[in-house]
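So the chains spell out like this:
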Amino acid sequence: MIGADETLFIDIGCSQQKKYNQNTYGDFFISKRYPEERRLIAVLSDGLGSGVKANILANMTATMILKFVAAGHNLMKAAEIVMNSLPVCQVRKISYATFSVADCSETGAVKIVEEGNPEFLYIKNGKVVPQEAKVIVSKKFPNRFMRTYTIDMDVGDRLLFCSDGVTQSGLGGATYKLGWRREGLIDFVERRLSLIPDMSCRQLAQEVVAEAQTKEPERKAKDDISCMVLHWREPRSLLVFTGPPYYADRDAEYAHLFINYQGKKAICGGTTANLVSRELNRPITTEMFVKGALPANSYMEGVDLITEGVLTLSKAVEYLEDAPEELPDDAAGKLVNLFLDSDCITFMVGAKVNQAHFDPDLPLELELRKNVVKRMEKILTQKYLKQVSLHFI
Amino acid sequence: MLNEGKIKVQICLGTTCFVMGASKLQDLERMLPPEWKDKVDISAQTCLGMCQNPDSGFIKAPFVKINDEMIGEASVEKVIDKLKELIVV
């Protein structure tokens, strides 16, 4: 376990694939961070059947558990109440929705309850370590039970949850008569992590779902396929410097502050890049390729990404809002990738305004940098659960 | 040096220049006559700082710097015309 005063970042990623020919997901994933309590609750629920009905069942179950636990109820108690209250399908005589819930602390303590979903994987040093469960049988329904676990996570440990669409993928086909199964999943995850030990949760979840789908004949998923990964690790930080400082005599100070930052560094803005280049005496080179509707990237030693300012930032906000499955290979796409692969993001926002941006002859209206960054902060915090801080300089 | 004696063309890709038409200038290299390729060195710049310079007179973005001369409201045609003068001389 991690020391009491030491906290880690809990990374979380989820990926899903709909059942073939359905227009909505029958599995539902929800998570919420509680920064004051240094806590994160994540739920994955699989609704009976598929399509809209399953989606509503899973959504209701997951949301109910999350709200229950967040309201301060004991996780085991909350899960038990939900387990006992879930209706039974009249035709199949089984529960309407299954669930897995993890109540995680940044200090490493985790409580897990599973009802009906495949058993989760606890991954330590890239290897799956079996965990012993305490089984609680429902008082109301004798065929319904939940498995509960308490684990102390260490730096680098991961948890992987999935719906039965993953372990049963390929079932009945020529190659995987009994499906991919838990053994196949464990083998795949261990193999991938031995190649890329620091793989992000997002990528691991995506890879598991993609691999499960390839097991299905003609890649047509017979069930909804979902995977959720949690990872306790040192926070990955990113500093974004955008806009020159209000007081030009502080340029040097901020340039040094920027370059000495421990973590990844990005500059959004031509003038800002020039300022850093001038103060640190490091040359900039700029690409000439046309990439999308944005100016190309530039490069400087010690800086991970350099882009143009307000157009690129506005485009990046758009990408964050629309969340396309594949990000375009332009400067904003690269910036968004950098955001998604960071946990703590700090913006150093220069307050100097470029008068030319208000020229009525400009063919489009340029947003104020400050406003774009504020919108970005909101979406990164609320939708992507990042820790964001803004500093206006 | 490799670029010695070449005409230096610097295209500003700052925000103002980009929206005012520099986006079209990124293709400049492809539009030059092939025999000029060895005579011209084209590069992009994060920002030439002209749009925020009150002394830039009345010339406007997009800006292209050809050797030491700043060209305002630059277009592919305007840059090629200027290069023609320099290459003929």
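Residues numbered from 1 in each chain as written. Chains lettered and ligands numbered in written order. Predicted model: local features only at pLDDT ≥ 70, side-chain atom pairs only at ≥ 80, totals over all residues.

1. Examining the overall build of chain B
Alright, step 1. Looking only at helices and strands, chain B features 3 helices and 4 strands.
Alright, step 2. For chain B, the succession of helices and strands along the chain, N to C, is β-α-α-β-β-β-α.
Alright, step 3. Here the contacts in chain B between residues at least 6 apart in sequence split such that 66% fall between residues at least 24 apart. (Helix = DSSP H or I, 4+ residues; strand = E, 2+ residues; numbered from the N terminus. Contact = placed C-beta atoms within 7 Å.)

2. Focus: the overall build of chain A
Alright, step 1. The helix and strand tally for chain A stands at 10 helices and 18 strands.
Alright, step 2. Taking all 393 residues of chain A together, 44% fall into the buried category.
Alright, step 3. Long-range contacts, defined as pairs at least 24 residues apart, comprise 69% of the intrachain contacts of chain A with a sequence gap of at least 6. (Buried ≥ 20, exposed ≤ 12 C-beta atoms within 10 Å, placed from the backbone.)

3. Some remarks on the sheet that holds strand E7 (residues 127-128) of chain A
Residue and element names in this part refer to chain A.
Alright, step 1. Spatial ordering of the open sheet is given by E1-E11-E10-E6-E7, a layout of 5 strands whose pairing is antiparallel. Edge positions in the sheet fall to strand E1 (9-17) and E7, since each of these pairs with one other strand and no more.
Alright, step 2. With 9 bridges connecting them, E1 and strand E11 (residues 225-233) associate as antiparallel partners. Its bridge partner being in E11, glutamine 17 is matched across the sheet by isoleucine 225. (Pairing = 2+ DSSP bridges.)

4. Quick notes on the interface of chain B and chain A
Alright, step 1. Taken together, the contacts link 20 residues of chain B with 25 residues of chain A.
Alright, step 2. The set of elements that each furnish at least two residues to the side of chain B that touches chain A consists of helix H1 (15-25) and strand E2 (40-45) of chain B.
Alright, step 3. Per-element tally for the side of chain B that touches chain A: the top contributor is H1 of chain B, with 5 residues.
Alright, step 4. For the side of chain B that touches chain A, the class distribution of residues is 9 nonpolar, 9 polar and 2 charged. (Nonpolar A, V, L, I, M, F, W, Y, C, P; charged D, E, K, R; others polar.)

5. Comments concerning the sheet that holds strand E4 (residues 97-105) of chain A
Residue and element names in this part refer to chain A.
Alright, step 1. Taken in spatial order, the 6 strands line up as E2-E3-E4-E5-E9-E8 in an open sheet, and their pairing is antiparallel. The open sheet has two edge strands with one neighbour each: strand E2 (27-34) and strand E8 (134-137). Ignoring strand direction, the axes of neighbouring strands in this sheet form an average angle of 15°.
Alright, step 2. Both strand E5 (residues 109-115) and strand E9 (residues 145-152) contribute to a ladder of 6 bridges, which runs antiparallel. In the sheet register, alanine 109 faces E9, and the bridge partner there is aspartate 152.
Alright, step 3. Where helix H1 (residues 51-70) meets the sheet, it contacts E2, strand E3 (39-47) and E4, and its direction lies at approximately 155° from that of E3.
Alright, step 4. Of the strands in this sheet, E4, E5, E8 and E9 are in contact with helix H2 (residues 75-85), which crosses E5 at around 10°. (Axes fitted to C-alpha atoms, helices over the stretch in contact; angles between N-to-C directions.)

6. Here we look at the packing of helix H6 (residues 251-259) of chain A against helix H7 (residues 270-280) of chain A
For any two helices packed against each other, one specifies the inter-axial angle together with the distance between the axes.
All names here are of chain A.
Alright, step 1. Two numbers describe how H6 lies on H7: the axes approach to 9 Å, and their chain directions differ by 90°. Regarding the angle of H6 to H7, the classification is roughly perpendicular. Residue-level inspection shows Asp251, Ala252, Ala255, Phe258 and Ile259 of H6 in contact with H7, the latter providing Leu275, Val276, Glu279 and Leu280.
Alright, step 2. Considering only residue class, the contact of H6 with H7 consists of 7 nonpolar, no polar and 2 charged. (Parallel < 35°, antiparallel > 145°, perpendicular 65-115°, else oblique.)

7. A look at the packing of H1 of chain A against H2 of chain A
Residues and elements named next belong to chain A.
Alright, step 1. Running from N to C, H1 and H2 cross one another at 150°; their axes reach a closest spacing of 9 Å. For the crossing formed where H1 meets H2, the hand is right-handed. Contacts between H1 and H2 involve Thr61, Met64, Ile65, Phe68 and Val69 from the first element and Leu75, Ala78, Ala79 and Val82 from the second.
Alright, step 2. Looking at side-chain class alone, the contact of H1 with H2 contains 8 nonpolar, 1 polar and no charged residues. (Left-handed = near helix turned anticlockwise from the far one by under 90°.)

8. Some remarks on the environment of alanine 42 of chain A
Alright, step 1. Take alanine 42 of chain A: it is sitting in strand E3.
Alright, step 2. Distance from alanine 42 of chain A to lysine 32 of chain A, taken between C-alpha atoms, is 6.6 Å for residues 10 residues apart in sequence.

9. Some words on unusual backbone geometry
Alright, step 1. For the bond running from alanine 61 of chain B to proline 62 of chain B, omega is 0°, close enough to zero to count as cis.
Alright, step 2. One non-glycine residue, asparagine 21 of chain A, lies in positive phi territory at about 75°.
Alright, step 3. For asparagine 21 of chain A, the position within the fold is in the loop between E1 and E2.
Alright, step 4. Residue classification places asparagine 21 of chain A among the exposed residues on the basis of 9 C-beta atoms within 10 Å.

10. Overview of helix H10 (residues 369-382) of chain A
Residue and element names in this part refer to chain A.
Alright, step 1. Over its 14 residues, H10 extends 20 Å from the first C-alpha to the last, a length consistent with the 20 Å expected when each residue adds 1.5 Å.
Alright, step 2. Inspection of H10 places Arg369, Val372, Val373, Met376 and Leu380 among the buried residues, and these make up the whole buried set. Down the axis of H10, the smallest arc covering the buried residues is 95°, so these residues share one side. Exposed positions of H10 whose direction lies more than 90 degrees from the buried face are Asn371 and Gln382.
Alright, step 3. Contacts made by the buried residues of H10 are with strand E12 (237-242), helix H8 (310-322), helix H9 (331-340), strand E17 (344-349) and strand E18 (387-392). (Expected span 1.5 Å × (residues − 1). Arc of directions from axis to C-beta.)

11. Let's talk about the environment of methionine 376 of chain A
Alright, step 1. Relative to the helices and strands, methionine 376 of chain A resides in helix H10.
Alright, step 2. Apart from the residues lying within four places of it in its own chain, the contact partners of methionine 376 of chain A are Leu313, Ala316 and Val317 of chain A.

12. Considerations on the confidence of the model for chain A
Alright, step 1. Overall, the predicted model of chain A reaches an average pLDDT of 91, with 97% of residues at or above 70.
Alright, step 2. Throughout residues 1-5 of chain A the model reports pLDDT below 50, and contacts reaching past four residues in sequence, or to other chains, amount to 8 contacts. (pLDDT = per-residue confidence, 0-100.)

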